[in-house]
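Letter by letter, the chains look like this.
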Amino acid sequence: MPRQPRRRSYDQHCAAARALDLVGDRWTLLVVRELLAGPRRYTDLHADLPGVSTDMLAGRLKDMEGAELVTRRRLPPPASAYVYELTPRGRDLLPVLRTLAAWGAPDLGEPRPTDAVRAHWYAIPLLGALAEIGAGLVQVTIDEGEFHVRLGADGSAAYGDGRVDAPDARLRTDAATCRALAAGELTLGEAVESGRAALERSEAAAARAGMWFSASDAVQA
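Residues numbered from 1 in each chain as written. Predicted model: local features only at pLDDT ≥ 70, side-chain atom pairs only at ≥ 80, totals over all residues. Heavy atoms only, no water.

Moving on, we get to the overall build of the protein. Tallying secondary structure elements over the protein gives ten helices and seven strands in all. Buried positions account for 41% of the 221 residues belonging to the protein. Taking as baseline every contact in the protein between residues at least 6 positions apart, the subset at least 24 positions apart corresponds to 55%. (Helix = DSSP H or I, 4+ residues; strand = E, 2+ residues; numbered from the N terminus. Buried < 20%, exposed > 50% of the residue type's maximum accessible area, 1.4 Å probe, protein only. Contact = heavy atoms within 4.5 Å.)

Right, dumping it as structure tokens:
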């Protein structure tokens, strides 16, 4: 079934222009960034998109539903609330956001006084650096909060907000090191060796990675 035309279009028979017809509006890709972490309620989306008006967010979500990037479903009782989640087509935008993040990382710099900060916003820029750990579930802790990343052996990646039970590895670092890792100014191994990051692996994860394991490397459950 063909998608419904959007209200605005570049009207150019070009793949890049057609993609921008769907995701080029302000806030759209940031909504995708939030939903890549999993289904979200409208109020949670609004809280993690500082600066967007309620009317703008509602409009973007409606457009994204029309473009089959997002679906809305009702949670079963006792929640009885609606959540938004990405369709497979929407999830296919992860590589786009990874490329944008890699391109923008060198210009990130220190947060400006007006900048909002959420810990999970570092997840996408860090996916490349975290791949050094190998496949598994990684919990990342910085001063701004915690998030987790699941890395697949096939190179796939998914992330979510908050901590998880029994991760394969735990990484503790700071926002400045996250920015350096994202910009490619240092590797994760260099960050750990220099003391800018602390990495703890579970025994099973260390064995899978074929690395020497000591009791001090164990992740406590």
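Counting 50 residues, the largest nonpolar core has Leu36, Leu130 and Phe147 as the members making the most contacts within it. The residues touching Leu130, leaving out its near neighbours within four places in the chain, are Val140, Val149, Leu151 and Leu171. (Core = buried A, V, L, I, M, F, W, Y, C linked by side-chain atoms within 4.5 Å.)

Moving on, we get to the packing of helix α7 (residues 123-130) against helix α8 (residues 175-182). Between α7 and α8, the shortest axis-to-axis distance is 8 Å and the interhelical angle comes to 65 degrees. With respect to each other, α7 and α8 are oriented roughly perpendicular. Both α7 and α8 take part in a crossing whose hand is left-handed. Packed against α7, whose contacting residues are Pro125, Leu126 and Ala129, the element α8 presents Cys178, Leu181 and Ala182 at the interface. A per-class count over the contact of α7 with α8 returns six nonpolar, no polar and no charged. (Axes fitted to C-alpha atoms, helices over the stretch in contact; angles between N-to-C directions. Parallel < 35°, antiparallel > 145°, perpendicular 65-115°, else oblique. Left-handed = near helix turned anticlockwise from the far one by under 90°. Nonpolar A, V, L, I, M, F, W, Y, C, P; charged D, E, K, R; others polar.)

Next up on the list: the sheet that holds strand β4 (residues 145-151). If you walk across this open sheet you meet the five strands as β5-β4-β3-β6-β7, and the pairing is mixed. Where the open sheet ends on each side, the last strands, each with one partner, are β5 (157-161) and β7 (198-201). The mean angle between the axes of side-by-side strands here comes to 20 degrees, regardless of whether they run parallel or antiparallel. Where strand β6 (residues 169-172) and β7 come together, four bridges link them in antiparallel fashion. Residue pairing in the sheet places Arg172 in a bridge with Ala198 of β7. This element, α7, spans β3 (136-142), β4, β5 and β6 of the sheet and lies at about 50 degrees to β4. (Pairing = 2+ DSSP bridges.)

Now for the packing of aromatic side chains. One pass over the structure, following the stated rule, counts zero aromatic pairs. One Lys or Arg, Arg72, reaches over the ring of Tyr82 and ends 4.1 Å from the middle of that ring. (Phe/Tyr/Trp six-rings, centres within 6.5 Å; stacked < 30°, edge-to-face > 60°. Lys NZ or Arg CZ within 6 Å of the ring centre and 35° of its normal.)

Time to look at α8. Taken across its eight residues, α8 has seven buried, putting it largely inside the fold. Buried residues of α8: Ala175, Thr177, Cys178, Arg179, Ala180, Leu181 and Ala182, and no others. Turning to α8, the residues buried within the fold contact α7, β3 and α9 (188-193). At the exit of α8 stands Gly184, carrying a positive phi of roughly 75 degrees.

This part is about helix α6 (residues 94-104). Within α6, burial applies to Leu94, Leu97 and Ala101. Around the axis of α6, the buried residues are gathered within 65 degrees of arc, so they sit on the same side. Away from the buried face of α6 by more than 90 degrees, exposed residues Thr99 and Trp103 are located. Packed against the buried residues of α6 are α2 (28-35), α5 (88-91), α7 and β5. (Arc of directions from axis to C-beta.)

Counting buried positions over the seven residues of β3 gives seven, a clear majority of the element. Alignment of β3 against β4, held across seven bridges, turns out to be antiparallel. What sits directly across from Val138, in β4, is Val149. Counting the residues that bridge the hairpin from β3 to β4 gives two residues. Examined bridge by bridge, β3 and β6 share four bridges and lie parallel to one another. Among the inter-strand pairings, Gln139 is bridged to a residue of β6, identified as Arg170.

In short, shape yes, function no, at least from these values alone.
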